[in-house]
Amino acid sequence: MPDIRPDDESYWSTIRAQYTRSPDFINLENGYFGMPADPVRAALKRYQDEVDAENAFFLRKRWAARLAHVKALLADFTGVAHDELLITRSAVESLNIVFQGYPFEPGDAILMARHDYDFSHDIVRMVAERKGLSVIEVDVPHDLEDEDAIAALYADAITPRTRVLLITHIVHRTGRIMPVARLAALARARGIDPIVDGAHALAQLDYRIPQLGTPFAAFNLHKWVGAPLGTGLLYIARERIADIAPLYGDVTFARTDIDKLGAFGTVPPAPIMAIEDALAFHAAIGSRNKEARLRWLARRWMDQVRDLPGVRVYTPRDPRLHGALGAFGIDGIPAAEIVRRLMDEHRIFTVIRKFGGTEIVRVTPHLYNGPEDLDALAAAIRQWAPPR
């Protein structure tokens, strides 16, 4: 795919036209899950009709081959082997499978960051309580952009009993892109297993799994890949599959077969089959073009308000350190009040996230958003910013 300028509205308007969104508000909260493009939604309906019409015949005779086809496409997209991938319902399910099946010993330690996802915190603390582990939490300031300093924070927190390092690729609170490959290398050098939470990174950033340098990684397909809601992905390096015990009951597959971890029972095939259409839509745009456009949309609002008095942007200033996600606050106005007023007064939908003890407003545009959507947000922020 040739390079497309991120501000080429003649091109991006053709992409926007392939999404059907609500006319009732401007949706700038696309971090929860990404709206599938119209071709993906149409495919999902076709597949559901096919499954319902053929019923058990489809599941017993056609499903295995269709699933294998989708896994082959995902393998090509992610740069790993098909037998190292398991389709799940979400990154949270993927992380549960890895952490609950990991061969911890009592007294082992898990190192994570305060900015990691709330459900990731829950998984780690639950497993720690059940298995007699300790949890070490590192605090990475949101405005710390120096990768040497970030790596030093993690390195200083490692203990002789640290067994696993949880690394979030894109911080869901602020949009900060973490130096995941460097932190994974740091962990491996100390004999520690890195586990990457790539919930927001896959298809928002232009990369492939081997570049992360991790044997374990969890992803969503229903965020930036644009697959239907309820699709996720788990990667485990082939040589490490045997180390993870199944979370769900299974005595069918070999210890070295990743499918031993996916004994979920009957799953809905249609959303999984529509992954193919989401990958095709993404490929038609190109990973590099998509990343550049999402970053450009984020800069559109942030650059207009970052230096306003009383406005605090929690996303790094360096454009290389963020993608679509961003967050802000306004002095003297609680985040909940900002979110309410944006919706009530300007029909702009955003969401509150917590960063430590602070509530902030997260803004997440998508490919169907245009510059006018972000300009409307910036105008509202300027209206409420404290006077000089």
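Residues numbered from 1 in each chain as written. Predicted model: local features only at pLDDT ≥ 70, side-chain atom pairs only at ≥ 80, totals over all residues. Heavy atoms only, no water.

The protein chain goes by Aminotransferase class V-fold PLP-dependent enzyme in an unreviewed UniProt entry, where it is assigned to Telluria mixta.

Trainee: Honestly, the sheet that holds strand β12 (residues 351–355) in this entry has me stumped. Any pointers?
Mentor: Within a beta sheet, neighbouring strands are joined by backbone hydrogen bonds and run either parallel or antiparallel to one another. With respect to topology, four strands assemble into an open sheet ordered β9-β10-β13-β12, the strand pairing being antiparallel. A strand with exactly one partner marks an edge of an open sheet, and here the two such strands are β9 (311–313) and β12. Neighbouring strand axes in the sheet, compared pairwise and without regard to direction, differ in orientation by 40° on average. Here three bridges tie β9 to strand β10 (residues 326–330), and the two strands are oriented antiparallel to one another. Along β10, the bridge assignment pairs R312 with G329. (Pairing = 2+ DSSP bridges. Helix = DSSP H or I, 4+ residues; strand = E, 2+ residues; numbered from the N terminus. Axes fitted to C-alpha atoms, helices over the stretch in contact; angles between N-to-C directions.)

Trainee: Explanation requested: the nonpolar core in the structure shown.
Mentor: In globular proteins that are soluble, nonpolar side chains generally tend to be buried together. Grouped together as the largest cluster of nonpolar side chains are 76 residues, with contacts concentrated most on L74, Y154, F219 and I275. Per element, the largest residue contribution to this core is six residues, and it comes from helix α3 (residues 56–78). Setting aside its immediate chain neighbours within four residues, I275 contacts V70, L74, I87, L221, A227 and T231. (Core = buried A, V, L, I, M, F, W, Y, C linked by side-chain atoms within 4.5 Å. Buried < 20%, exposed > 50% of the residue type's maximum accessible area, 1.4 Å probe, protein only. Contact = heavy atoms within 4.5 Å.)

Trainee: What is the right way to read unusual backbone geometry from this model?
Mentor: Most peptide bonds adopt trans geometry, and most residues besides glycine take a negative phi value. The backbone of N55 sits at a positive phi, close to 55°, despite the residue not being glycine. By secondary structure assignment, the location of N55 is in the loop between α2 (38–54) and α3. By relative accessible area, N55 is classed as exposed at 51%. Here the phi dihedral of A203 falls at roughly 75°; this positive angle occurs in a residue that is not glycine. Here A203 shows up in the loop between β6 (193–197) and β7 (216–220).

Trainee: Even after reading the chapter, I still don't get the side chain of K260, so can you show me in this structure?
Mentor: Relative to the helices and strands, K260 is located in the loop between β8 (232–236) and α8 (269–273). Buried charge without a partner: K260 forms no salt bridge, and the closest opposite charge is D243, 7.7 Å away. Within the structure, the side chain of K260 is placed 2.9 Å from the backbone oxygen of I241, a separation counted as a polar contact. With residues near it in sequence (within four places) discarded, K260 still touches I241, A242, I244, P246, Y248, D250, F253, A254 and R255. (Lys, Arg positive; Asp, Glu negative; His and termini not counted. Salt bridge = Lys/Arg side-chain N within 4 Å of Asp/Glu carboxyl O. Polar contact = N/O pair within 3.5 Å; in protein donor to acceptor, adjacent residues only side chain to side chain.)

Trainee: What is the right way to read the pairing of β12 from this model?
Mentor: In summary, the side chains of a regular strand alternate between the two faces of the sheet. Inspection of the sheet shows β12 paired to strand β13 (residues 358–363) by five bridges, in the antiparallel sense. The residue of β13 that forms the bridge with V351 is R362. Where β12 folds back onto β13 in an antiparallel hairpin, the turn is made up of two residues, including G356, whose phi is positive at roughly 65°.

Trainee: What is the right way to read helix α1 (residues 9–16) from this model?
Mentor: In an α-helix there are 3.6 residues to a turn, and that puts residues three or four apart on one side. Within α1 the residues assigned to the buried category are Y11, W12, I15 and R16. Looking straight down α1, one finds that the buried residues subtend no more than 140° of arc, so they occupy a single side. Against the buried residues of α1 lie α9 (275–285), α10 (287–305) and α12 (371–384). (Arc of directions from axis to C-beta.)

Trainee: How should the packing of aromatic side chains be read in this particular structure?
Mentor: For any pair of aromatic rings, geometry is given as the distance between the ring centres together with the angle between the planes. With the rule as written, the count across this model stands at 10 aromatic pairs. Taken together, a centroid distance of 5.6 Å and an interplanar angle of 55° make the contact between Y19 and Y368 tilted. Highlighted residues: Y19 in the loop between α1 and β1 (26–27) and Y368 in the loop between β13 and α12, separated in sequence by 349 residues. Residue classification places Y19 among the buried positions, given a relative accessible area of 9%. (Phe/Tyr/Trp six-rings, centres within 6.5 Å; stacked < 30°, edge-to-face > 60°.)

Trainee: Is there a simple way to explain the pairing of β8 in this structure?
Mentor: Across the five residues of β8, five count as buried, placing the element largely inside the fold. Of the two faces of β8, both are covered, the one formed by G232, L234 and I236 as well as the one formed by L233 and Y235. Both strand β2 (residues 85–88) and β8 contribute to a ladder of four bridges, which runs antiparallel. Across the sheet, the residue bridging to L86 is L234, located in β8.

Trainee: Honestly, the pattern of salt bridges in this entry has me stumped. Any pointers?
Mentor: Any two side chains of opposite charge can pair, given that their charged atoms come close. Scanning the entire structure with this criterion turns up 27 salt bridges. E372 is the salt-bridge partner of R16, the closest N and O atoms lying 2.6 Å from each other. With R16 in helix α1 and E372 in helix α12, this pair connects stretches of sequence that are 356 residues apart. On the accessibility criterion, E372 (41% relative accessible area) is partly exposed. The salt bridge partner of E93 is R89, with a shortest N-O separation of 2.6 Å.

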